[in-house]
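Fold and contact review
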Amino acid sequence: MGAQLRVYRRRIRSTKSMAKITRAMELIATTRITKAQRAAEAAGPYAREITRAVSALASRVSDHPLLTESENPTRAAVLVITSDKGLAGAFSANVLKEAESLTQLLREQGKEVLTYMVGRKGVAFYKFRDRPIEAQWEGFTERPTYAHAQEIGSALIEKFLADTSDGGVDEIHVVSTEFVSMLTQRAGTVRALPLEVEESDESELEAAHGSEPLPLYEFEPSAEEALDALLPQYVTNRIYFALLDASASQQASRRAAMKAATDNAEDLVKNLGRLANQARQAEITNELSEIVGGADALSAASAGSE
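Residues numbered from 1 in each chain as written. Predicted model: local features only at pLDDT ≥ 70, side-chain atom pairs only at ≥ 80, totals over all residues. Heavy atoms only, no water.

What follows is about the environment of Glu142. Within the element layout of this structure, Glu142 appears in the loop between strand E3 (135–137) and helix H4 (146–161). Taking the relative accessible area as the measure of exposure, Glu142 reaches 16% and is therefore buried. Along the backbone, Glu142 and Leu244 are 102 residues apart, and their C-alpha atoms lie at a distance of 8.5 Å. Look past the residues within four positions of Glu142 in its chain and what remains in contact with it is Arg32, Lys85, Ser247, Gln250, Gln251 and Arg254. (Helix = DSSP H or I, 4+ residues; strand = E, 2+ residues; numbered from the N terminus. Buried < 20%, exposed > 50% of the residue type's maximum accessible area, 1.4 Å probe, protein only. Contact = heavy atoms within 4.5 Å.)

Let's shift gears to the UniProt feature "coiled-coil region" (unreviewed entry) in the chain. Per the UniProt annotation, the sites labelled "coiled-coil region" (unreviewed entry) are residues 258–285. Taken end to end, residues 258–285 is 100% helix and 0% strand, and its two terminal C-alpha atoms sit 40 Å from one another. (UniProt positions renumbered as here; feature names shortened; annotations may be inferred.)

Turning next to helix H2 (residues 91–108). With 18 residues, H2 should reach 26 Å at 1.5 Å per residue; the first-to-last C-alpha distance of 26 Å fits that figure. The set of residues buried in H2 consists of Phe91, Ser92, Val95, Leu96, Ala99, Leu102, Thr103 and Leu106. For H2, the arc enclosing every buried residue in end-on projection is 125°, short of the 170-degree limit, so these residues lie on one face. Every exposed residue of H2 that faces more than 90 degrees away from the buried side is listed here: Lys97, Gln104 and Glu108. Two residues or fewer after H2 comes Gly110, characterised by a positive phi angle close to 85°. (Expected span 1.5 Å × (residues − 1). Arc of directions from axis to C-beta.)

The next subject is a negative patch on the surface. Taken together, the side chains of Asp63, Glu224, Glu225 and Asp228 define an acidic patch exposed on the protein surface. Mapped onto the secondary structure, Asp63 falls in the loop between helix H1 (2–58) and strand E1 (75–81). We classify Asp63 as exposed; its relative accessible area is 59%. (Patch = residues over 30% accessible without salt bridge, like charges linked within 9 Å, V, L, I, M, F, W, Y side chains within 5 Å. Areas by Shrake-Rupley, 256 points an atom, 1.4 Å probe, with all protein chains shown as cover. Salt bridge = Lys/Arg side-chain N within 4 Å of Asp/Glu carboxyl O. Lys, Arg positive; Asp, Glu negative; His and termini not counted. Charge placed at Lys NZ, Arg CZ, Asp CG, Glu CD.)

Further remarks concern the pairing of strand E4 (residues 171–179). Within E4, 8 of the 9 residues are buried, leaving the element largely enclosed by the surrounding structure. The pairing of E1 with E4 spans 5 bridges and is parallel. Looking at the pairing, Leu79 lines up with Val174 of E4. In this structure, E4 lies alongside strand E5 (residues 185–193), joined through 8 bridges in antiparallel fashion. Its bridge partner being in E5, Thr177 is matched across the sheet by Ala187. Linking E4 back to E5 in an antiparallel pair, the connection comprises 5 residues. (Pairing = 2+ DSSP bridges.)

What follows deals with unusual backbone geometry. Of note, the amide linkage connecting Leu193 to Pro194 takes the cis form, showing an omega dihedral of -5°. Tracing the sequence through the fold places Pro194 in the loop between E5 and helix H5 (202–209). Within the chain, Asp130 stands out as a residue other than glycine whose phi angle is a positive 55°. For Asp130, the position within the fold is in the loop between helix H3 (120–128) and E3. A residue is classified by how much of its surface remains accessible, and Asp130, at 72% relative accessible area, is exposed.

Quick look at the nonpolar core now. Judged by nonpolar contacts, the single largest core of 41 residues is most densely connected at Leu79 and Ile152. Looking at this core, the elements with two or more residues in it are H1, E1, strand E2 (112–118), H4, E4, E5 and helix H6 (223–305). No other element matches the 11 residues that H6 contributes to this core. Each residue touching Ile152, except ones within four places of it in the same chain, is listed here: Leu79, Val118, Trp137, Phe140, Ile239 and Leu243. Judged by nonpolar contacts, the second largest core, of 14 residues, contains Val78, Val80, Leu96 and Leu102. (Core = buried A, V, L, I, M, F, W, Y, C linked by side-chain atoms within 4.5 Å.)

Below, the discussion takes up the pairing of E2. Within a regular strand, side chains alternate between the sheet's two faces. Counting buried residues along E2, 6 of its 7 residues qualify, which places the element largely inside the surrounding structure. Across 7 bridges, E1 lies against E2 in parallel orientation. If you follow Ala77 over to E2, its bridge partner there is Leu114. In the classification by handedness, the crossover that spans E1, the intervening H2 and the parallel E2 is right-handed. The pairing of E2 with E3 spans 3 bridges and is parallel. Paired with Val118 across the strands is Trp137, a residue of E3. In the classification by handedness, the crossover that spans E2, the intervening H3 and the parallel E3 is right-handed. (Right-handed = clockwise from strand over helix to strand, strands pointing away.)

Below, the discussion takes up the pattern of salt bridges. Taken as a whole, this structure holds 11 salt bridges when the rule is applied. We note a salt bridge from Arg254 to Glu142, for which the minimum N-O separation is 3.5 Å. Here the residue Arg254 occupies a position in helix H6, and Glu142 occupies one in the loop between E3 and H4, the gap between them amounting to 112 residues. Residue Arg254 is classed as buried on the basis of its relative accessible area of 5%. The shortest N-O distance in the salt bridge between Arg186 and Glu178 comes to 3.3 Å. Given a relative accessible area of 45%, Arg186 falls into the partly exposed group.

Here's what the structure looks like:
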């Protein structure tokens, strides 16, 4: 019985140590969520203005390569944004599941799929299954910068502008996680290229911009040349926002996972404490029984000698 009690106490000590680690990771993830949200908020004004400028340009230019859809698309690139580290719940698993569904859909449409991967978890998932990866980026998913987005965007735009016979692609899709709230993160897919220009009615414009009037742009040089300069920046900005959203979502998922692990560890300590107390009580009862039995034996021996 003493050996079992020692086992319980050892498990209690190790579980308490684990709970301290998960609690610390939960606090770190909470801090990093705040930083990622601030980064997204700081980049928000620029993103809104470049979107409005590109929309105004796109309404005047209809034959730009980044706006023109191929009549018979045969190749598509899929950018998948996962995490570099684990202990983030189902964050990377949900993104990879969404990427698998998109890949299957594109192949059913007769398109060849080229995968571009961000994050060690996604790279490991594909390499373990011997799946090809066109390009990969690692080591910055927790703290992405605009330079990282530029590197990714340049590679994708170059592939899109190239002819399919030379290894180019007709479409580019981005699979990432949208940060909705601290409790909700949603994996989803958006088509980055070719850009989709959608017409909005007055109610939609008012909801998006309020009472603020839409800007009237004068383009010099031509709208075509301005669009050549702005579209790559717009695509890069969309990728940058996807990286920031994924960073915040990753930390929120990690925080939730570490909180659940801490709560489970505390519950386990309580259960092990009860089992240890039961084992200790059983040990005391056994010792008392042995003492009483020994005393009875001595009494019987003394009575027999008399």
